[in-house]
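# Remarks on the overall topology
In case you want the letters, here they are:
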Amino acid sequence: QVQLVESGGGLVQPGGSLRLSCAASGRLFSMNAMGWYRQAAGKERELVASITSYGMTNYGDSVKGRFTISRDSAKNMVYLQMNSLKPEDTAVYYCNAFPPRGVWGQGTLVTVSS
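Here is a short report on the structure shown in this document. (Residues numbered from 1 in each chain as written. Predicted model: local features only at pLDDT ≥ 70, side-chain atom pairs only at ≥ 80, totals over all residues. Heavy atoms only, no water.)

Looking only at helices and strands, the protein features one helix and ten strands. Its helices and strands taken in sequence order, the protein reads β-β-β-α-β-β-β-β-β-β-β from the N to the C terminus. Taken over the C-alpha trace, the protein has a radius of gyration of 13 Å; the compact-globule value for 114 residues is 13 Å, and the two agree within 12%. On the principal axes, the C-alpha backbone points of the protein span a range of 40 × 25 × 25 Å. (Helix = DSSP H or I, 4+ residues; strand = E, 2+ residues; numbered from the N terminus. Rg over C-alpha atoms; globule rule 2.2 N^0.38 Å.)

Written out as structure tokens, the structure is:
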């Protein structure tokens, strides 16, 4: 069974930066493109960014130019560098395959507030 463990969230001021990490296991990482998702209060979970096994990336329009997704296949890790954070980025962030498959992790909470 696959396991996903997100980390790196926390409280940050508007305009600040944060880097999220995702440790993946099982077949999920090696066989699929990966993505970062987020779910804010009162909203559906949305795709933030995705990256293929070859490193091609895609970003949601709201985060283009501010967020960068990357992956390290040797470590089964996916990262999300978040810069110029805005209050509307506040959400629980999850990683998973893209498209998502299997079980979701617990996510990591990012709170952007002064």
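Attention shifts here to the sheet that holds strand β3 (residues 18-24). The four strands are arranged β1-β3-β8-β7 in an open sheet whose pairing can be described as antiparallel. Edge strands, defined here as strands with exactly one partner in the open sheet, are β1 (4-7) and β7 (67-72). Mean inter-strand twist for the sheet, computed between neighbouring axes without regard to direction, equals 15°. (Pairing = 2+ DSSP bridges. Axes fitted to C-alpha atoms, helices over the stretch in contact; angles between N-to-C directions.)

Enumeration according to the criterion identifies two aromatic pairs in this entry. On the numbers, 5.1 Å between centres and 85° between planes, the contact of Y37 with W104 is edge-to-face. Taken together, the positions of Y37 in strand β4 (residues 33-39) and W104 in the loop between β9 (91-98) and β10 (108-112) put the pair 67 residues apart, joining distant regions of the chain. Its relative accessible area of 6% is what places Y37 among the buried residues. Measuring from ring centre to ring centre gives 5.9 Å for Y94 and W104, while their planes differ by 80°; the resulting arrangement is edge-to-face. Taken as a pair, Y94 in strand β9 and W104 in the loop between β9 and β10 lie far apart in primary sequence, ten residues in all. The rings of Y37, Y94 and W104 are connected pair by pair, giving a single aromatic cluster. Over the ring of Y94 we find R45; its NZ or CZ atom is 4.7 Å from the centre of that ring. The ring centre of F29 lies 4.2 Å from the NZ or CZ of R71, which sits over that ring. (Phe/Tyr/Trp six-rings, centres within 6.5 Å; stacked < 30°, edge-to-face > 60°. Buried < 20%, exposed > 50% of the residue type's maximum accessible area, 1.4 Å probe, protein only. Lys NZ or Arg CZ within 6 Å of the ring centre and 35° of its normal.)

Quick look at the pattern of salt bridges now. Side-chain pairing between opposite charges can occur once the charged atoms of the two side chains come close. In this structure the tally under the stated criterion is three salt bridges. Three or more residues joined by partner-sharing salt bridges are found here, namely R38, E46, R66 and D89. (Salt bridge = Lys/Arg side-chain N within 4 Å of Asp/Glu carboxyl O.)

On to the sheet that holds β4. Pairing is mixed in the open sheet, where six strands are placed in the order β2-β10-β9-β4-β5-β6. With one partner strand each, in any of the chains shown, β2 (10-12) and β6 (57-59) form the two edges of the open sheet. The sheet shows a mean angle of 25° between the axes of neighbouring strands, direction not considered. As judged from the three bridges shared by β9 and β10, these two strands associate in the antiparallel manner. Note that in β10 the partner of V92 across the bridge is L109.

All right, on to the side chain of R38 then. Here R38 lies in strand β4. One polar contact links R38 to S62, side chain to side chain, over a distance of 3.3 Å. Sequence-distant contacts of R38, that is, excluding residues within four places in its chain, are made with E44, R45, E46, V48, S62, V63, F67, E88, D89, A91, V92 and Y93. (Polar contact = N/O pair within 3.5 Å; in protein donor to acceptor, adjacent residues only side chain to side chain. Contact = heavy atoms within 4.5 Å.)

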